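# Working through the structure, step by step
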Amino acid sequence: MIFARVIGTVVASQKDPNLNGKKLLLCREADHGGKPLKSYHVAVDAVQAGEGNFVLLSYGSAARMTEETKSAPIDAVVIAIIDRVQMTHPAGGGA
Amino acid sequence: MIFARVIGTVVASQKDPNLNGKKLLLCREADHGGKPLKSYHVAVDAVQAGEGNFVLLSYGSAARMTEETKSAPIDAVVIAIIDRVQMTHPAGGGA
Amino acid sequence: MIFARVIGTVVASQKDPNLNGKKLLLCREADHGGKPLKSYHVAVDAVQAGEGNFVLLSYGSAARMTEETKSAPIDAVVIAIIDRVQMTHPAGGGA
Amino acid sequence: MIFARVIGTVVASQKDPNLNGKKLLLCREADHGGKPLKSYHVAVDAVQAGEGNFVLLSYGSAARMTEETKSAPIDAVVIAIIDRVQMTHPAGGGA
Amino acid sequence: MIFARVIGTVVASQKDPNLNGKKLLLCREADHGGKPLKSYHVAVDAVQAGEGNFVLLSYGSAARMTEETKSAPIDAVVIAIIDRVQMTHPAGGGA
């Protein structure tokens, strides 16, 4: 999964019927500290996320494994709103 | 999902039988404001999209989750024509 | 799907049994005008494509959705030989 | 699969129910020698991995093939803690 | 599929049970002529490949379509040892 910030919503009236009632979130990828990166993704909301939330995005067939999204022709879903990222060694070196 | 602009169609007579009757759209990736990016994708149309439309592309197994595309050997589908992208903070920073 | 040019074949005698009888095509990615790009892919042929053909490649689980390829451990298939790409506005800007 | 070092954990209380009880690991991609690379991934733990471990990450639908992770809307899983990487020709040239 | 050279093996004792008995190969991506590229991948062996072999790697759900690998939480498999790559026009231009 990757980190992202919800920065907006996408409105579409002419769409696949399986998208009806689903919220399409515009997400900007972020690093683990919340700093914005260059990529943007549109993902379906599965956790009542809103603008400004720091979230976890899941890609691919995983996107259809929530109650909200099963059978929908989508490839990205917001699966969690992040409380915090805990790192003992923030520099990221390891052992 | 990613944003794209439909800029043409692909014509192929010698093809997998599951592609018969499906419209192959040439799409140019775009950013959330509609500005053209460098990547091009060929996607099957599931929403009667046409040239010039600003659309949402879904990738991978998701591409076979529409009535139009089930069982077809395709990896990309146009699932929505975008009306508008709403952002409270267009700069994209977030909370 | 992406565009590619078939530029050769791959020969392998020690292989997974599900590959028996399948033609492995060496494909060079191309842009929508047929101009060669830098990536190379090996894809199974599902449409009797041959060297020099300008084709459409499908990736991922889609690669196993043709009669030729079902159940094979492959991630890329040639699904169409392209006759032509039609663009009203070749510059690619759109509406 | 790719190599990564576990460098932290992600805490989220508002999340898809299928994530309950699962440990979300912050992983930094590494090369085969354990040297940190630039990408970060969040993966579910399937092998009791902890901070500092050098691990193997699996992506995509494979992420749902462990007892820990089946049916969860996730796209990455830690499937092994690496003891060592053996190379006869460390320079990587091959035969 | 992509080309790679097997350059080593990965040893892990603490791992998902579905990996038991499977050989984890360290593979370095190569071009169609066998020249080493920059990416490294860990793939499960399905064809008795060994160090130095020039092989074909398949990614994603395809990795679970061999007898060796079904149900395993893996995203890459070695499906063939390459005898040769045949190109009529080695420069790669095409028709």
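Residues numbered from 1 in each chain as written. Chains lettered and ligands numbered in written order. Predicted model: local features only at pLDDT ≥ 70, side-chain atom pairs only at ≥ 80, totals over all residues. Heavy atoms only, no water.

Further remarks concern the overall build of chain A. Check the secondary structure of chain A and you find 0 helices and 7 strands. In chain A, the order of α-helices and β-strands from amino to carboxyl end is β-β-β-β-β-β-β. For the C-alpha atoms alone, the extent of chain A along its principal axes is close to 50 × 25 × 20 Å. Within chain A, the proportion of its 95 residues that are buried is 57%. For chain A, the share of sequence-separated contacts (at least 6 apart) that also reach a separation of at least 24 residues comes to 50%. About 3700 Å² of surface is accessible on chain A, with carbon and sulfur atoms providing 48% of the total. Here chain A holds 10 positive side-chain charges and 9 negative ones, and the gap between their average locations is 3 Å. (Helix = DSSP H or I, 4+ residues; strand = E, 2+ residues; numbered from the N terminus. Buried < 20%, exposed > 50% of the residue type's maximum accessible area, 1.4 Å probe, protein only. Contact = heavy atoms within 4.5 Å. Areas by Shrake-Rupley, 256 points an atom, 1.4 Å probe, with all protein chains shown as cover. Lys, Arg positive; Asp, Glu negative; His and termini not counted. Charge placed at Lys NZ, Arg CZ, Asp CG, Glu CD.)

As a further point, take the relation of the copies chain C and chain E. After a rotation of 72° and a shift along the axis of 0.0 Å, chain C superposes on chain E with an RMSD of 0.0 Å. Each copy turns onto its partner about a five-fold axis. (Least-squares fit on C-alpha atoms with pLDDT ≥ 70 in both.)

The next thing to look at is the pattern of salt bridges. Residues and elements named next belong to chain B. As enumerated under the stated definition, the model contains 10 salt bridges over all chains in all. Of the charged contacts in the structure, one is a salt bridge between lysine 23 and aspartate 45, with a shortest N-O distance of 3.9 Å. Here lysine 23, found in the loop between strand 2 (14–15) and strand 3 (24–30), pairs with aspartate 45, found in strand 4 (residues 36–45); they are 22 residues apart in sequence, far enough to count as distant. Among the residues examined, aspartate 45 registers a relative accessible area of 6% and is labelled buried. (Salt bridge = Lys/Arg side-chain N within 4 Å of Asp/Glu carboxyl O.)

In this section: the interface of chain C and chain E. Taken together, the 32 residues of chain C in the interface contact 29 residues of chain E. The contact between chain C and chain E buries some 2400 Å² in all, and 54% of this surface belongs to carbon and sulfur atoms. Of all residues in chain C, Val11, Gln14 and Pro73 of chain C bury the most surface against chain E, accounting for 23% of the area lost on that side. At the junction of chain C with chain E, the criterion picks out 0 salt bridges. (Buried area = accessible area lost by both parts, 1.4 Å probe.)

Listed by partner, the interface residues are 29 residues for chain A and 33 residues for chain D. Summing the contributions of chain A and of chain D, the shared interface buries around 2400 Å²; its carbon and sulfur component is 54%. Our count for the chain A to chain D interface comes out at 14 residue pairs in polar contact (both at pLDDT 80 or more). Of the residues in the side of chain A that touches chain D, the class split is 16 nonpolar, 11 polar and 2 charged. (Polar contact = N/O pair within 3.5 Å; in protein donor to acceptor, adjacent residues only side chain to side chain. Nonpolar A, V, L, I, M, F, W, Y, C, P; charged D, E, K, R; others polar.)

Here the focus is the layout of surface pockets. In this model, the largest pocket occupies a volume close to 1400 Å³. Looking at the largest pocket, it is lined by 33 residues, and the ones nearest its centre are Gly60 of chain A, Gly60 of chain B, Gly60 of chain C, Gly60 of chain D together with Gly60 of chain E. The residue makeup of the lining of the largest pocket, split by class, is 12 nonpolar, 13 polar and 8 charged. Roughly 250 Å³ of internal volume is contained in the second largest pocket. Lining the second largest pocket are 16 residues, and of these Asp16 of chain A together with Ala46, Thr66, Glu67 and Glu68 of chain B sit closest to its centre. A per-class count over the lining of the second largest pocket returns 4 nonpolar, 4 polar and 8 charged. (1 Å grid on protein atoms, 1.4 Å probe; cavity = no way out; pocket = protein on both sides within 12 Å on 5 of 7 lines; lining within 4 Å. Points joined across faces, edges and corners; volume = space filled by probe spheres on them.)

Right, let's talk about the confidence of the model for chain A for a bit. For chain A, per-residue confidence averages 94 on the pLDDT scale, and 93% of positions sit at 70 or higher. This complex was scored by the predictor with a pTM of 0.93 and an ipTM of 0.93. (pLDDT = per-residue confidence, 0-100.)

Bringing the packing of aromatic side chains into the picture now. Residue and element names in this part refer to chain A. Evaluation of the coordinates by the stated rule reveals 5 aromatic pairs over all chains. With 5.5 Å between their ring centres and 15° between their planes, phenylalanine 3 and phenylalanine 54 make a pair best called stacked. Placement of the pair is phenylalanine 3 in strand 1 (residues 2–11) and phenylalanine 54 in strand 5 (residues 54–59), with a sequence separation of 51 residues. Judged by its relative accessible area of 13%, phenylalanine 54 is buried. (Phe/Tyr/Trp six-rings, centres within 6.5 Å; stacked < 30°, edge-to-face > 60°.)

Our next topic: the environment of isoleucine 2 of chain D. Residue and element names in this part refer to chain D. Following the sequence through the fold, isoleucine 2 ends up in strand 1 (residues 2–11). Each C-alpha atom, one on isoleucine 2 and one on serine 58, is 6.9 Å from the other, the two residues being 56 residues apart in sequence. Leave out the neighbours within four places in its chain, and isoleucine 2 touches Glu29, His41, Val55, Leu56 and Leu57.

Quick look at the arrangement of the chains now. Regarding chain C and chain D, which are not in contact, the minimum distance between any of their C-alpha atoms is 10 Å. A gap remains between chain B and chain E, with no contact made and the closest C-alpha atoms lying 10 Å from each other.

Attention now moves to the side chain of lysine 22 of chain B. Residues and elements named next belong to chain B. Following the sequence through the fold, lysine 22 ends up in the loop between strand 2 and strand 3. Polar contacts involving the side chain of lysine 22 include one to the main-chain carbonyl oxygen of asparagine 18, which spans 2.9 Å. Among residues more than four places away in sequence, those in contact with lysine 22 are Val44, Glu68, Thr69 and Ala72.

This part covers unusual backbone geometry. With a phi angle near 70°, serine 71 of chain A is a residue other than glycine that sits in the positive phi range. With respect to the helices and strands, the residue serine 71 of chain A is situated in the loop between strand 5 and strand 6 (76–81). Given the relative accessible area of 42%, serine 71 of chain A is considered partly exposed. If you check the backbone angles, glutamine 48 of chain E has positive phi at about 55° while not being a glycine. Residue placement: glutamine 48 of chain E occurs in the loop between strand 4 (36–45) and strand 5 (54–59).

Moving on, we come to the pairing of strand 5 of chain A. Residues and elements named next belong to chain A. The buried count for strand 5 comes to 5 of 6 residues, which makes it a mostly enclosed element. Of the strand pairs in this sheet, strand 1 and strand 5 are connected by 4 bridges, and their pairing is antiparallel. Each bridged residue has a counterpart across the sheet, and for phenylalanine 3 the counterpart in strand 5 is leucine 56. Sheet topology note: the strand 5/strand 6 ladder contains 5 bridges and is antiparallel. Across the sheet, the residue bridging to leucine 56 is alanine 80, located in strand 6. (Pairing = 2+ DSSP bridges.)

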